[in-house]
Amino acid sequence: MASDTGPRTNQAGLPSANPTSSYWLREPNTLLLGHRSTPDLPEEADIVIIGSGITGAFAARSLLQDYSCNKKVVMLEAREACGGATGRVMEATASLSSMAPTQPITLSGGVHAFMSTPLFQTAVAQIDSLTKTHPFLASQLEVILPTNPSKLARLRAPNCHGAIIQKTAASLWPYKLIAHILTSLLPNPNFNLQTNTPVLSLSPSPSSPGKHQILTPRGTLTTPKVLLATNGYTSHLLPSFSDLIVPVRGQISAIVPPSPVQTLTHSYLFAADPEKGQHAPRDDYLVQRPVLTPDSGGEMIYGGGRRLALRLGLGQYNDDELELKVAHYLRSNLSPPLDLGGKDEELPATYEWTGVMGYSRDSNAWVGEVPSHRGIWVCAGYTGHGMPSAALSARAVAAQMLGLPESGQGHARLPEEFKITEERINRARQGAKLEDCGGWEGAYFSGPADGE
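Residues numbered from 1 in each chain as written. Predicted model: local features only at pLDDT ≥ 70, side-chain atom pairs only at ≥ 80, totals over all residues. Heavy atoms only, no water.

In the annotation of an unreviewed UniProt entry, the entry for the protein reads FAD dependent oxidoreductase domain-containing protein, and the organism field reads Podospora anserina.

Caption draft 1: Geometry of the overall build of the protein. Looking only at helices and strands, the protein features nine helices and 22 strands. Counting the 452 residues in the protein, one finds 54% classified as buried. With the model as given, the accessible surface of the protein reaches about 19,000 Å², and the carbon-plus-sulfur share is 53%. (Helix = DSSP H or I, 4+ residues; strand = E, 2+ residues; numbered from the N terminus. Buried < 20%, exposed > 50% of the residue type's maximum accessible area, 1.4 Å probe, protein only. Areas by Shrake-Rupley, 256 points an atom, 1.4 Å probe, with all protein chains shown as cover.)

Caption draft 2: Expanded view of the side chain of Thr354. Residue position: Thr354 is located in strand S20 (residues 349-360). The exposure class assigned to Thr354 is buried, which follows from its relative accessible area of 1%. Side-chain polar atoms of Thr354 contact the backbone oxygen of Asp319, separated by 3.2 Å. (Polar contact = N/O pair within 3.5 Å; in protein donor to acceptor, adjacent residues only side chain to side chain.)

Caption draft 3: Local environment of empty space enclosed by the protein. For the structure shown, the criterion picks out five cavities of 30 Å³ or more. As a volume, the largest cavity reaches approximately 540 Å³. Lining the largest cavity are 38 residues, with Gly84, Ala85, Ala229, Thr230 and Asn231 sitting closest to its centre. The set of elements that each furnish at least two residues to the lining of the largest cavity consists of helix H1 (54-66), helix H6 (234-237) and S20. Sorting elements by how many residues they give to the lining of the largest cavity places H1 first, with three residues. (1 Å grid on protein atoms, 1.4 Å probe; cavity = no way out; pocket = protein on both sides within 12 Å on 5 of 7 lines; lining within 4 Å. Points joined across faces, edges and corners; volume = space filled by probe spheres on them.)

Caption draft 4: Inspection of helix H9 (residues 422-430) at higher detail. Among all positions of H9, only Arg424, Ile425 and Ala428 are buried. End-on view of H9: buried residues confined to an arc of 100 degrees, all on one side of the axis. Away from its buried face, by an angle of more than 90 degrees, H9 presents the exposed residues Glu423 and Gln430. For H9, the elements touching its buried residues are S20 and strand S21 (366-369). (Arc of directions from axis to C-beta. Contact = heavy atoms within 4.5 Å.)

Caption draft 5: Seen up close, the pairing of strand S16 (residues 282-288). Counting buried residues in S16 gives five out of seven residues, a clear majority hidden from the surface. The sheet contact formed by S16 and strand S19 (residues 300-303) spans four bridges and is antiparallel. Of the residues in S19, the one forming a bridge with Val287 is Ile301. (Pairing = 2+ DSSP bridges.)

Caption draft 6: Structural detail: the sheet that holds strand S15 (residues 267-272). Taking strand neighbours across the sheet as the criterion, the eight strands line up as S6-S7-S5-S15-S16-S19-S14-S20 in an open arrangement whose pairing is mixed. Two strands close off the open sheet at either side, each with one partner strand: strand S6 (141-144) and S20. Going from strand to strand, the sheet's axes swing by 20 degrees on average, the running direction of each strand aside. In this fold helix H2 (residues 117-133) packs onto strand S5 (110-114), S6, strand S7 (163-166) and S15, with an angle of close to 145 degrees to the strand it touches most, S6. Strand contacts of helix H7 (residues 324-332): strand S14 (245-255), S16, S19 and S20, with the helix running at about 45 degrees to S14, the strand carrying the most contacts. (Axes fitted to C-alpha atoms, helices over the stretch in contact; angles between N-to-C directions.)

Caption draft 7: Region of the structure containing the sheet that holds S21. With mixed pairing, six strands are arranged side by side in an open sheet as S9-S2-S1-S13-S22-S21. Of all the strands in the sheet, the pair left with one neighbour each is strand S9 (191-194) and S21. For this sheet, the mean inter-axis angle between neighbouring strands, taken without regard to orientation, is 15 degrees. The sheet contact formed by strand S13 (residues 225-228) and strand S22 (residues 376-380) spans three bridges and is parallel. Residue pairing in the sheet places Val226 in a bridge with Ile376 of S22.

Caption draft 8: Representation of the packing of aromatic side chains in the model. With the rule as written, the count across this model stands at eight aromatic pairs. Aromatic pair Phe114 and Phe120: ring centres 5.6 Å apart, planes at 55 degrees, arrangement tilted. Here Phe120 falls in the buried class, since its relative accessible area comes to 4%. Three or more aromatic residues joined by ring pairs make a cluster, and in this case those are Tyr23, Trp24, Trp173 and Tyr351. Looking at Arg26, its charged tip hangs above the ring of Tyr23, at a distance of 4.2 Å from the centre. In this structure, Arg424 is placed above the aromatic ring of Trp366, and the distance from its NZ or CZ to the ring centre is 3.5 Å. (Phe/Tyr/Trp six-rings, centres within 6.5 Å; stacked < 30°, edge-to-face > 60°. Lys NZ or Arg CZ within 6 Å of the ring centre and 35° of its normal.)

Structure representation (structure tokens):
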């Protein structure tokens, strides 16, 4: 049963000690369980990375492998490795080529199914604009109008008001990707992973000017450079970011499909304007696990229902509980709109869990050194879309920490919108707070529900 434990200031606390059981963490990597590269916490390090999810892992890999820096890098994780959002909040994404080109990735295509006409029209207008500014990206999208019901039916979304096909979408098991990266770093003598080591506070070192003191239950660590790869938990250690990166709890279910199991050829996003009496739009997503036999496998990993959650999930940083209303919604709303060929009834779930995302006040990630806290870098605030942007953002912030160019060697340029500056911070604070617009999505739906 959900309780309103989030502080009204939206400042995050420590990750929950006993989180709900995630489907994606059911096959843990035995090399990483309880891993501590050294029995004792090091007293000093050249660079400390706090967080071992996708951002922390790619930052460490960039520092030690891509840039071959000869520096002592310590990674601190409050729970088991990759036990935060990366191991809990599933995503399908279209930009994986930079992440793990040697690892198998399933290309499936993605369908954005719109359950309201105004939002679909808004999306089509954005694609028209994208055609003029970024024609290659626009060419990767296909618009299916509601006047083409046979095509919508073939997409298994016959009840939607229009759809957009993302041709190059892909899906993967995030935890296994990050476990692969971390285990590849373990033999490096410059890499020290310390799991189950929550950071209690981050402050200037009283004895070493220009350095930072990191306090943990196991001791204190001093370093000149810190990377907060903490996403929704960033404000726990950086309170000044409480209004810029807000923890938002999401919920997911692994649902058993009707028998005989049917194979979906796409991943799905279901989007709609707010219904009457609601202030947040629909934003649900679905991927299917491989079908094993006609009567087994093929679980539907279905996440969303946040518009039904307590405070829309805003300010909720505890992932140790479920919202029963959201759980019922996820088990009961696959069909319609998705035609699975089964009965319209509540389906059983093998796993139900929550995870904490970091939502940005201006919708863009925050990547770079914090102007008022020299020596502290942030790479967080992906607003629920960390999978397609965290890897390259982590590479860019690693370059910054080493004083290297952020791009080059075929690397993509860090978007200006992601960079942390005083001007951006001030501009963001002049805009609406997340809680005043229903979260990030509130800035993107076409308008309030009728009668509001």
